[in-house]
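# Structural characterization, general
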Amino acid sequence: MALTISVEDIISTTNNPLLQAKPHWTRFRLGDVATVLNGYAFKAELFNRTEGTPLIRIRDVGSDDSQTLYSGEFESKYLVQPGELLIGMDGDFNCARWRGKPSLLNQRVCKVSISTDAYEDRFLDFVLPGYLKAINDATSSITVKHLSSRTIQDIPLPCPPIVEQREIVAELEKQFSRLDEAVANLQRVKSNLKRYKASVLKAAVEGRLVETEATLARSEGRSYETGEQLLQRILETRRAKWAGRGKFKEAEGPKTHELPDVPEGWTWATLPQLGELNRGKSKHRPRDDKALYGGPYPFIQTGDVRRSDGSIADFSQTYSEAGLQQSRLWPTGTLCITIAANIAETGILQMDACFPDSVVGFIADQGPIMTEYVEVFIRTAKEKLDRFASATAQKNINLEVLQAVAVPTPPLAEQRRIVEELGRLLSILRGVDREVDTNLQRAQALRQSILSKAFSPCSSTEGVAA
């Protein structure tokens, strides 16, 4: 949808300090101090990833480069140079200086170029985002929001004397430089936390997170059940359950000659050897058939698994009795593994629930400890499993891929210690990560506060530094 009220009306009725102006400032239409060039509708059939000139699309605004190349002819006026200001005209109306190599200006992206000495480029960089956000907030959104070049040209920019513009820019750059350094440090902390989490998970399934059961048993002078003995006990129990009920099909084990060595007392096993592994039964979504929608049975979707952070307690859809009839109610404690879109996202059900065939359920024969350990392992195998995904519009893997996955399996007592220690460490990491996010939010709020002071009618240029 496009804007249905004038930009002037937005400015006259707003309390947003970013859109204010000091009493001695004038205002000019952006179109009076700058030119706005709309991008060109280049032929999509000439887009590729191997040859031609980079093409700036909406998703590239704010990026360092573009992954799309254009192999056809073009007019030179559509070539964007590094440092030129771009605005995305659909979606969030982002604006940013282009940081990539010379690239072509595609449709629904425009370039803004200052055309007078009375306006500073950098002052425009600080002013423009607030106005674009106000326009975005005032634009109706049924589908995708659209911004017109006419609306951009009509933005009533505040225009202080050129000397004052330069003073404001200098002060803002000084303060934002310190703020940007702090934000960069926080982002580095987040990256380090992510790497540390990955290393902790990897150590957990390689026998390096806690003392192995073999080491403890030796030091304490006792025997213990090895991973191989645990696996045989599981298989024997399963055979006994099937006795007299028909032919029992034994789950296939992994090809151990292709696998690396595991710690003493560990073994390799496949998921079907360790428990039940099956796809969700339902092929229907509640939204497809109203008779299936609404009722007492939680219906877990791939998005619910992705957002779960390992523990699925929330859901957005439910099944009726009719929905349950064409599905299956999986028990609390089932490990859910996605096999479509986002591959190998995991979460353990905190309630009985149904889920579609884009999710696989795993129920360990040895209960919650083994389920939690397997969930940890799948997290470490996510990247490898993603490589098996078909190169279609929506990535997916089949059940056979998961059935063949080799799981390094420690003794059950060691699995318990791994899960407990990992839970302790990940809890600490989550706490630090939340604190970093809080400080990043504070940094963003401080940035807005600094900008507000710069444009507040009651503050002086020195007030920006206050």
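Refer to the structure presented above.
This write-up is about the structure you can find in this document. In this text the structure is predicted, and so the values were computed from the model without any measurement.

With that settled, consider the overall build of the protein. Within the protein, the secondary structure is distributed over 13 helices and 20 strands. In terms of overall dimensions, the protein is more spread out than a globule: its C-alpha atoms have a radius of gyration of 29 Å, far above the 23 Å expected for 466 residues. Considered along the principal axes of its C-alpha atoms, the protein spans approximately 90 × 55 × 50 Å. Within the protein, buried positions represent 46% of all 466 residues. Long-range contacts, defined here as pairs at least 24 residues apart, represent 73% of the contacts in the protein between residues at least 6 apart. Counting only carbon and sulfur atoms, one obtains 50% of the accessible surface of the protein, whose full area is about 24,000 Å². Charged side chains of the protein number 59 positive and 60 negative; the gap between the two group centres comes to 2 Å.

Taking strand neighbours across the sheet as the criterion, the five strands line up as 3-5-4-9-6 in an open arrangement whose pairing is mixed. Each of the sheet's edge strands pairs with one partner strand only, and the pair in question is strand 3 (47-48) and strand 6 (79-80). Relative to strand 9 (residues 103-105), strand 4 (residues 53-56) is paired through two bridges, and the arrangement is parallel. Within strand 9, the residue paired with Leu55 across the bridge is Leu104.

If you walk through the whole model with that rule in mind, you get 28 salt bridges. Notably, a salt bridge pairs Glu206 with Arg208, separated by 2.7 Å at the nearest N-O pair. A salt bridge links Arg328 to Glu276; its shortest N-O distance comes to 2.7 Å. On the criterion of sequence distance, the pair formed by Arg328 in the loop between helix 10 (321-325) and strand 17 (335-338) and Glu276 in strand 13 (residues 275-279) is long-range, its members being 52 residues apart. The partly exposed category is assigned to Arg328, whose relative accessible area is 27%. On the basis of relative accessibility, which here comes to 27%, the residue Glu276 falls in the partly exposed class. Where salt bridges share partners, they join Arg97, Arg122, Asp125 and Glu173 into one cluster.

As enumerated under the stated definition, the model contains 12 aromatic pairs in all. Above the plane of the ring of Trp330 lies Arg328, whose end atom (NZ or CZ) is 3.7 Å from the centre. Above the plane of the ring of Phe176 lies Arg447, whose end atom (NZ or CZ) is 4.7 Å from the centre.

Here we take up the sheet that holds strand 18 (residues 346-349). Strand order in the open sheet made by the five strands is 13-19-17-18-15, with mixed pairing throughout. The sheet is open, and its two borders are formed by strand 13 and strand 15 (310-312), each paired with just one other strand. Each strand axis lies, on average, 30 degrees off the axis of its neighbour in the sheet, ignoring direction. Here strand 17 pairs with strand 18 via three bridges, running antiparallel. Its bridge partner lying in strand 18, Cys336 is registered against Gly347. Across the sheet, helix 11 (residues 368-386) lies against strand 15, strand 17, strand 18 and strand 19 (359-364), angled at about 165 degrees from strand 18, the strand it touches most.

The interhelical angle for the contact between helix 5 (residues 162-204) and helix 11, taken along N-to-C directions, is 125 degrees, at an axis separation of 9 Å. It follows that helix 5 is oblique to helix 11 by the angle criterion. Of the two possible hands of crossing, helix 5 and helix 11 adopt the one that is left-handed. Counting all contacts with helix 5, which are made through Lys197, Leu201, Lys202 and Ala204, the residues of helix 11 involved are Tyr373, Val376, Arg379 and Thr380. Per-class residue counts for the contact of helix 5 with helix 11 are four nonpolar, one polar and three charged.

Phi angles above zero are rare outside glycine, and Phe93 is one such case at about 55 degrees. Locating Phe93 in the fold gives a position in the loop between strand 7 (85-88) and strand 8 (95-97). Located in the positive-phi region is Asp309, a residue other than glycine, with phi close to 55 degrees. As for its placement among the helices and strands, Asp309 is situated in the loop between helix 9 (302-306) and strand 15.

Bringing the packing of helix 5 against helix 13 (residues 412-455) into the picture now. For the pair helix 5 and helix 13, the least separation of the axes is 10 Å and the interaxial angle reads 170 degrees. What the angle tells us is that helix 5 and helix 13 run roughly antiparallel. In the contact of helix 5 with helix 13, the residues fall into 25 nonpolar, three polar and six charged.

A cluster of nonpolar side chains, contributed by Val189, Ile428 and Val432, occupies part of the molecular surface with about 200 Å² of accessible area. Looking at the element boundaries, Val189 is found in helix 5. For Val189, a relative accessible area of 33% translates into the label partly exposed.

Take the side chain of Glu375 next. Structurally, Glu375 is set in helix 11. Sequence-distant contacts of Glu375, defined by excluding residues within four places in its chain, comprise Gly310, Leu335, Thr346 and Ile348.

Parameters at a glance
- Each residue is numbered by its place in its chain's sequence as written, counting from 1.
- Owing to the predicted nature of the model, reporting of local features is limited to residues with pLDDT of at least 70; listing and counting of side-chain atom pairs is limited to 80 or more, with chain, interface and lining totals taken over all residues.
- Note: side-chain values were computed over all heavy atoms of the structure, leaving out hydrogens and water.
- Helix and strand assignments come from DSSP, with helices taken as H or I runs of at least 4 residues and strands as E runs of at least 2, each series counted from the N terminus.
- Just to be clear, the radius of gyration here is over C-alpha atoms, and the globule rule we use is 2.2 Å times residues to the power 0.38.
- Categorising residues by exposure relies on relative accessible area from a 1.4 Å probe, with only protein chains included: less than 20% of the type maximum marks a residue as buried, more than 50% marks it as exposed, and the intermediate range marks it as partly exposed.
- Pairs of residues are marked as contacts when any of their non-hydrogen atoms sit within 4.5 Å.
- All accessible-area figures derive from a Shrake-Rupley calculation using a 1.4 Å probe, and residue coverage is judged against the displayed protein chains alone.
- The positive count covers Lys and Arg only, the negative count covers Asp and Glu only, and His and the chain ends enter neither.
- Lysine's charge is taken at NZ, arginine's at CZ, aspartate's at CG and glutamate's at CD.
- Each pair of strands is called paired provided DSSP finds at least two bridges between the two strands.
- When a carboxyl oxygen of Asp or Glu is within 4 Å of a side-chain nitrogen of Lys or Arg, the pair counts as a salt bridge.
- By convention, a stacked pair of Phe, Tyr or Trp rings (six-membered ring in the case of Trp) has centres within 6.5 Å and planes under 30 degrees apart, an edge-to-face pair has planes over 60 apart, and any other such pair is tilted.
- Note on geometry: a ring has a charge over it if NZ (lysine) or CZ (arginine) is within 6 Å of the ring centre and within 35 degrees of the ring normal.
- Note on geometry: axes are lines fitted to C-alpha atoms, helical ones only across the stretch in contact, with angles between N-to-C directions running from 0 to 180 degrees.
- Should an angle fall under 35 degrees it is taken as roughly parallel, and over 145 as roughly antiparallel, whereas 65 to 115 is taken as roughly perpendicular and any remaining angle as oblique.
- Here is the rule for handedness: rotate from the far helix to the near one, and if that takes an anticlockwise turn smaller than a right angle the crossing is left-handed, while a clockwise turn gives right-handed.
- Under this grouping Gly is polar, as are all residues other than the nonpolar Ala, Val, Leu, Ile, Met, Phe, Trp, Tyr, Cys and Pro and the charged Asp, Glu, Lys and Arg.
- Candidates for patches are residues over 30% relative accessible area with no salt bridge; among them, like charges are joined within 9 Å and nonpolar side chains (Val, Leu, Ile, Met, Phe, Trp, Tyr) within 5 Å.

Keep in mind these values describe shape, not function.
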